[in-house]
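Here are the chains, one letter per residue:
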Amino acid sequence: MSLEKVDILGVKVNSLTMTEAVETIEGFIKNRGNALIATANAEMIMRATYDDELKTILNSADLVVPDGAGTVWAAGYLGYPMPERVAGYDLAQELMKAAPERGQKIYFFGSAPGVAESAKAKAEEWYPGINIVGTRNGFFKPEDEAEIIADIKNADPDILLVALGVPKQEKWLYAHKQELNVPVSIGVGGSFDVMAGVMQRAPLWMQKAKLEWLFRGLKQPSRIGRLMALPKFVIEVMKSK
């Protein structure tokens, strides 16, 4: 499947629907490559404007989905309308939902101690028959990395979900992509926290109204500084047209 890419402040984002994203990822799994998937929201794209390493990683990723209303707005403003937002959390759920029937194995890596295990329990409740072959929290030192990589390789997952936060998860996956050799790896941010009930997701009406960023800011005042990237993003996109 050939998917159009839209250049937003130097980051090339795929224009696609959720269905197309899932189909593309299923193709990566069948091909047994080691595809890196990124979920680009406005905050990530703004960071890439001054983090050259992150920009290089995003532009070499096998798929970059528009995770965020800001990303979809920017594409449309620049004259390349995107069909819909493909949120990383929702993408992960769609893949997990399909995994039992397809016999796919999944590994959870990231979040605070105990969170990945709680997310695993929720996934097993929501998606009967799902095979989550390993979990590991995201608190580690450089000397722990060899053990983590060995555990992932021994588990031999088809899909590796990594929740270390942006840009750590993207940089970690890129650095170890060849060694891990997992068919599909995705940075999923706070997805395990939401699944485990540690963090609440915005109500559906706020998601539809494109106000999920506001909900996160209200729930996590520590994020307010990070959310200031949003108005900067709008200004930079308008200047780039």
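Sequence order sets the numbering: in each chain, residues are counted from 1 along the sequence as written. Reporting in this predicted model follows two pLDDT cut-offs: at least 70 for local features of residues, and 80 or more for side-chain atom pairs to be given and counted; totals over whole chains, interfaces and linings ignore these cut-offs and use all residues. Values reported for side chains reflect all heavy atoms of the structure, with hydrogen atoms and water molecules removed beforehand.

**Student:** If you had to explain empty space enclosed by the protein to someone new, which residues and values would you point to?
**Tutor:** Think of a 1 Å grid over the protein atoms and nothing else: a 1.4 Å probe that fits but is trapped marks a cavity, an open set flanked by protein within 12 Å on at least five of seven lines marks a pocket, and residues with an atom within 4 Å of a point count as lining. Grid points are joined across faces, edges and corners, and a volume is the space filled by probe spheres set on the points. The full count for this structure, using the stated rule, is one cavity of 30 Å³ or more. Size it by volume and the largest cavity reaches roughly 50 Å³. For the largest cavity, the full set of lining residues is Asn34, Ala35, Leu36, Leu173, Lys177, Leu180, Asn181, Val182 and Ser185. At the level of secondary structure, the elements contributing two or more residues to the lining of the largest cavity comprise strand S3 (35-40) and helix H8 (168-180). Helix and strand definitions follow DSSP, with helices as H or I runs of at least four residues and strands as E runs of at least two, each counted in order from the N terminus.

**Student:** So, the sheet that holds strand S6 (residues 131-136): which residues are in play, and what are the values?
**Tutor:** By definition, two strands form a pair when at least two bridges between them are found by DSSP. Ordered in space as S4-S3-S8-S7-S5-S6, the six strands form an open sheet in which the pairing is parallel. A strand with exactly one partner marks an edge of an open sheet, and here the two such strands are strand S4 (63-66) and S6. Each strand axis lies, on average, 20 degrees off the axis of its neighbour in the sheet, ignoring direction. In this sheet, S4 lies alongside S3 in parallel orientation, the contact comprising four bridges. The partner of Ala40 across the bridge, within S4, is Pro66. Only the stretch in contact is used when a helix axis is fitted, and all axes are lines through C-alpha atoms; the angle between N-to-C directions ranges over 0 to 180 degrees.

**Student:** Summarise the nonpolar core; cite the residues concerned and give the values.
**Tutor:** Nonpolar cores were defined as sets of buried Ala, Val, Leu, Ile, Met, Phe, Trp, Tyr and Cys residues, with membership established by side-chain atoms within 4.5 Å. We call a residue buried when its accessible area falls under 20% of the maximum for its residue type, exposed when it is over 50%, and partly exposed in between, using a 1.4 Å probe and counting protein chains only. Core analysis: the biggest nonpolar cluster contains 40 residues, and Ile8, Phe109, Ile152, Leu160, Trp172 and Phe233 have the highest contact counts within it. The greatest single-element share of this core, amounting to five residues, is contributed by helix H2 (residues 42-48). Once you skip the residues sitting within four places of it in the chain, Trp172 turns out to touch Phe109, Phe140, Glu145, Ile148, Ile149, Ile152, Leu164 and Leu180. Grouped together as the second largest cluster of nonpolar side chains are 37 residues, Ala21, Val22, Met96 and Phe192 included. Two residues qualify as a contact provided that any one of their heavy atoms is within 4.5 Å of a heavy atom in the partner residue.

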